[in-house]
2 protein chains.
Amino acid sequence: MPQTAFALNRLPAPEARFCLEVERFIVEECGLNVAGLELTLAYSGGADSSALFYVLLALAPRLGFTLSLAHLDHALRPDSHRDLQAALELAQDHGLTCHNRRIAVAALAEERKIGKEEAGRAARLDFLRSLRDAAPERWIVYAHQLNDLAEDILMRLIRGGGWPALGGMAALDRKERLLRPLLFTERTKIEAFLRALGLGWIEDPLNRDTAFLRNRVRAEILPLFLRENPSFLEAAAGMRRLAGLDSEYFQGLLAPHLPTHPEDQSLLLSSLLRGLDKALRLRLYKARLEALGPGQPLLNNLLALDRAWQKKKTGALFQFPGRKNARLEPEGISFSREGS
Amino acid sequence: MPQTAFALNRLPAPEARFCLEVERFIVEECGLNVAGLELTLAYSGGADSSALFYVLLALAPRLGFTLSLAHLDHALRPDSHRDLQAALELAQDHGLTCHNRRIAVAALAEERKIGKEEAGRAARLDFLRSLRDAAPERWIVYAHQLNDLAEDILMRLIRGGGWPALGGMAALDRKERLLRPLLFTERTKIEAFLRALGLGWIEDPLNRDTAFLRNRVRAEILPLFLRENPSFLEAAAGMRRLAGLDSEYFQGLLAPHLPTHPEDQSLLLSSLLRGLDKALRLRLYKARLEALGPGQPLLNNLLALDRAWQKKKTGALFQFPGRKNARLEPEGISFSREGS
């Protein structure tokens, strides 16, 4: 299909409206000006990234951005190279670049002694971050949609997250140059868009593998929430909006107390902490830990750290996911990562 | 059983520790000095209020408070008067007062066109508040425990609550004079305490009626969360701690902007709102609505109100649960309750 065949004014009215709704989300809800950017779509060939590909194809000339694809071959299925082949062909058909890489995720999981789900996520993140860092105007675009958001909220709740983390993944992250244009769009609408246009997609059999928490949440837990509240997806979008506001709010308050360079591991001074409300101290610990690299601190561990600080337990050591530590020193708290 | 038979030093060590753990929760975690207070326990005769009755009986001489019972006969079962009789006898055995009232909850539900669950809650609230208001040193004590808290968090999530409301019911509310000493205690420990002491309790058959959302959450949803994270109850306690901190934090910031008297329904001025971060404006709307009486505003409705205020849609009217309204006026937002 040549690119001109997907111009907005050639689409049936409902599908054109679907595209414009995504445009409105990017421009108004996210407040992002994409003119001049390269939007690199994390493309798997599933329904969500297929739909977003065509939507962005239709919006690119209107909004003035360049579209490219990024495909990671996880090599978890013997025929996974076919998905890569399809991505390359799709890009070629439309005269676009398809950045790609192949990673043996199963071997990576074994090597790092982590699950295949986690290894796949780490490999994707690494691939997409390296792409982003290679070009200053390049943003990474994810096709996560509203059902994914609701599942993410439920998974964060299961795990015991704090607020605003509990509000789920963000639609926009300017620091990370990351955008999720479908985040408030229901999965059923995405599939209806594809069907109406006669566009196919790949169903990843791993999406039904109940060895993965996400799939159990999708198959068992989210349906119960939707049974109790048919508007639960809207409620999830509302939580995300509030979490986004609170996240900005806390970031604004804490920015003066955060190191400008990640390698600056100066002590978090007790003289500073004593002037902050406990609600802010907890967020400051979290921000300091996050600046050290991946790995989400659990809320109860942050609370334990603060209790120890209040009780002046100098010498106490707290361990956080991602091999990160916090240690109580005589004059404050030091944060560090093992092996760095 | 005479009161002296339940002195702390006559209890087996594990059960004495259980009582002291509740004491620590009241004194340290809640920071409440109960000396000189009358603690009026909302007593149903179920496991939780039975256990808390004996714990408070053991702690009363140590902490210097007076214990009394409050029992509401909901008249939902033909034999419900027997539960009242049992409560009266228990109080008499220990020389305590048992405040009591009988309400035909089914008739109340029909009259107000609400569910029996909601009618029961409203009747209990009304009964306990009137008791509290009758004596300035009287606090209402609820036997809600950690499983109830986790269920409450899940129900608030289902409904689409904001933060910090999502963190569930509070352990302490000084304004409402309300205390929940078992809020971080697991239900299994409560039943073990009763069994170890050979104490019986009443199982309310309504607790298994799946017509009530709470019972479906208890029977179907919470078990899935515990399957995915066996420490989910601890995680719920962590969320509650953070919600408590955030609640105090926001209340502190908003207190100067809240009317001192509930009947003061002065306009919320745009000149004030413009100086507040959106994260604070939403909480201010919520606090103004809550000051008008019962009924929880939904997050998405608060967000819609703020959008309309930003777009200066003068004349727009927003309706909130509890027959409460917000109306955009030329100089700000007015909040009111229908029929008041």
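Scroll up for the structure.
My aim in this report is to walk through the structure given alongside it, one point at a time. (Residues numbered from 1 in each chain as written. Chains lettered and ligands numbered in written order. Predicted model: local features only at pLDDT ≥ 70, side-chain atom pairs only at ≥ 80, totals over all residues. Heavy atoms only, no water.)

Comments concerning the overall build of chain A
Inclusion rule: Under the scheme used here, helices are H or I runs from DSSP no shorter than 4 residues and strands are E runs no shorter than 2 residues, and both carry numbers assigned from the N terminus. Throughout, the radius of gyration refers to the C-alpha atoms, and the reference size of a globule is 2.2 Å times the residue count to the power 0.38. Burial classification: accessible surface area is computed with a 1.4 Å probe over protein chains only, and a residue below 20% of its type maximum counts as buried, one above 50% as exposed, and the rest as partly exposed. Contacts are residue-level and defined by heavy atoms, with any inter-residue pair within 4.5 Å sufficient. Accessible areas in this description were obtained via Shrake-Rupley with a 1.4 Å probe; residue shielding takes into account the shown protein chains only. Asp and Glu count as negative and Lys and Arg as positive, but His and the ends of the chain are not part of the count. Charged side chains are reduced to one point each, which is NZ for Lys, CZ for Arg, CG for Asp and CD for Glu.
A count of helices and strands for chain A gives 12 helices and 10 strands. What you see for chain A is a C-alpha radius of gyration of 22 Å, in line with the 20 Å of a compact globule of 340 residues. Principal axes of the C-alpha set define a box for chain A whose edges measure 65 × 45 × 40 Å. Counting over 340 residues, chain A shows a buried share of 51%. For chain A, contacts bridging at least 24 residues in sequence account for 68% of all contacts bridging at least 6. Total accessible area on chain A is roughly 15,700 Å²; 50% of this is exposed by carbon and sulfur atoms. Computing the positive centroid from 46 side-chain charges and the negative centroid from 42, chain A places the two 5 Å apart.

Here we look at the environment of Asp173(A)
Residues and elements named next belong to chain A. What counts is decided by this rule: Contacts described as polar in this section are N or O atom pairs within 3.5 Å, which, within protein, must combine one atom able to donate a hydrogen with one able to accept it, while residues neighboring in sequence count only if both atoms come from side chains.
Mapping aspartate 173 onto the fold places it in strand S5 (residues 172-173). For the pair formed by aspartate 173 and tryptophan 139, sequence separation is 34 residues and the distance between their alpha carbons is 9.8 Å. Those residues in contact with aspartate 173 that lie beyond four places of it in its chain are Trp139 and Leu178. Within the structure, aspartate 173 has its side chain in polar contact with the backbone nitrogen of lysine 175 (distance 3.1 Å).

Topic: the sheet that holds strand S3 (residues 98-102) of chain A
All names here are of chain A. We apply this condition: Strand pairing is defined by DSSP finding a minimum of two bridges between the two strands. As a rule, the C-alpha atoms of each element are fitted with a line to give its axis, helices using only the stretch in contact, and angles between N-to-C directions run from 0 to 180 degrees.
Taken together, the six strands give an open sheet; going across it, the order is S3-S2-S1-S4-S6-S5, and neighbouring strands pair in mixed fashion. Edge positions in the open sheet fall to S3 and S5, since each of these has one partner strand only. Pairing of strand S1 (residues 38-42) with strand S2 (residues 66-73) involves five bridges; the strand directions are parallel. Counterpart to leucine 41 in the pairing with S2 is leucine 69. Here helix H3 (residues 80-93) sits on the sheet in contact with S2 and S3, set at roughly 170° to S2.

Describing the pairing of strand S9 (residues 324-329) of chain B
Residues and elements named next belong to chain B. Two strands pair when backbone bridges link them, and strand S8 (residues 317-320) and S9 are joined in this way by four bridges, in the antiparallel orientation. Looking at the pairing, phenylalanine 320 lines up with lysine 324 of S9. From the end of S8 to the start of S9, which pair antiparallel, there are three residues, and glycine 322 there has a positive phi angle of about 90°. The sheet contact formed by S9 and strand S10 (residues 332-337) spans six bridges and is antiparallel. By the bridge assignment for S10, alanine 326 is matched with phenylalanine 335. In sequence, S9 turns back onto S10 through a hairpin of two residues.

Observations concerning the relation of the copies chain B and chain A
Note: a rotation about an axis with an accompanying shift along it relates these two copies of the chain. Rules: A least-squares superposition brings the copies together, and it is based on the C-alpha atoms of residues with pLDDT no lower than 70 in both.
Overlaying chain B with chain A gives an RMSD of 0.0 Å, the required rotation being 180° about an axis along which the chain moves by 0.0 Å. In the structure described here, the two chain copies are related by an operation that fits a two-fold rotation axis. Taken together, the interface assignments show that 100% of the residues at the interface of chain B recur at the interface of chain A, consistent with an identical surface on both copies.

Describing the packing of helix H9 (residues 232-254) of chain B against helix H11 (residues 278-290) of chain B
Residue and element names in this part refer to chain B. Operational definition: Angle categories: roughly parallel below 35 degrees, roughly antiparallel above 145, roughly perpendicular from 65 to 115, and oblique for all the rest. Residue type decides the class: Asp, Glu, Lys and Arg count as charged, Ala, Val, Leu, Ile, Met, Phe, Trp, Tyr, Cys and Pro as nonpolar, and the leftover types, Gly among them, as polar.
At their nearest, the axes of H9 and H11 sit 10 Å apart, and the two run at 85° to each other. Looking at the two axes, H9 sits roughly perpendicular to H11. Listed contacts from H11 to Phe250, Leu253 and Leu254 of H9 are Leu280, Arg283 and Leu284. When its residues are assigned to classes, the contact of H9 with H11 shows five nonpolar, no polar and one charged.

Looking at empty space enclosed by the protein
For clarity, the threshold we go by: Definitions used for this entry: grid spacing 1 Å over protein atoms alone; cavity, a set of points where a 1.4 Å probe fits but cannot get out; pocket, an open set with protein on both sides within 12 Å along at least 5 of 7 lines; lining residue, one with an atom within 4 Å of a point. Grid points are joined across faces, edges and corners, and a volume is the space filled by probe spheres set on the points.
Enumeration over the complete set of coordinates arrives at one cavity of 30 Å³ or more. Taken together, Leu157(A), Leu166(A), Met239(A), Ile153(B), Leu157(B), Leu166(B) and Met239(B) make up the full set of residues lining the largest cavity.

A word on the side chain of Asn229(B)
Summarising the element assignment, Asn229(B) is placed in the loop between helix H8 (213-228) and H9. There is a polar contact of 2.7 Å between the side chain of Asn229(B) and the backbone oxygen of Ile158(A). A distance of 2.9 Å separates the side chain of Asn229(B) from the backbone nitrogen of Ser231(B), its partner in a polar contact. With sequence-adjacent residues up to four places away left out, Asn229(B) is seen in contact with Ile158(A), Arg159(A) and Ala235(B).

Side note on the packing of aromatic side chains
The following threshold applies: Stacked, tilted and edge-to-face are the three classes assigned to paired rings of Phe, Tyr and Trp, where Trp is represented by its six-membered ring and a pair needs centres within 6.5 Å; plane angles under 30 degrees give stacked, over 60 edge-to-face, the rest tilted.
Counted by the stated rule, this structure contains 20 aromatic pairs over all chains. Ring plane angle 65° and centroid distance 6.2 Å describe the contact between Tyr43(A) and Phe53(A), whose orientation is recorded as edge-to-face. One end of the pair, Tyr43(A), is in the loop between S1 and helix H2 (47-63); the other, Phe53(A), is in helix H2, with 10 residues separating them in the sequence. According to the relative accessible area criterion, Tyr43(A) is buried, its value standing at 10%. Note on Tyr249(A) and Phe250(B): the rings are 6.5 Å apart at their centroids and 35° apart in plane angle, and the pair reads as tilted. Taken together, the residues Tyr249(A) in helix H9 (residues 232-254) and Phe250(B) in helix H9 connect one chain to another.

Some remarks on the sheet that holds strand S7 (residues 268-269) of chain B
Residues and elements named next belong to chain B. Read across the open sheet, the four strands follow the order S7-S10-S9-S8; overall the sheet is antiparallel. Edge positions in the sheet fall to S7 and S8, since each has one partner strand and no second. Of the strands in this sheet, S7, S8, S9 and S10 are in contact with H11, which crosses S10 at around 30°.

Let's talk about the pattern of salt bridges
How we decide: What makes a salt bridge here is a side-chain nitrogen of Lys or Arg within 4 Å of a carboxyl oxygen of Asp or Glu, nothing more.
This structure, assessed with the given rule, holds 54 salt bridges over all chains. In this structure, the salt-bridge partner of Arg156(A) is Asp152(A), at a minimum N-O distance of 2.9 Å. Here the residue Arg156(A) and the residue Asp152(A) both occupy positions in helix H6 (residues 146-159), the gap between them amounting to four residues, near one helical turn. With relative accessibility at 10%, the residue Asp152(A) sits in the buried group. Between Arg132(B) and Asp133(B) there is a salt bridge, with the nearest N and O atoms lying 3.0 Å from each other. Assessed through its relative accessible area of 11%, Arg132(B) is described here as buried. In the salt-bridge network here, residues are joined through shared partners; they are Asp48(A), Arg187(A), Glu191(A) and Arg195(A).

None of the figures reported here should be taken as evidence of function without further support.
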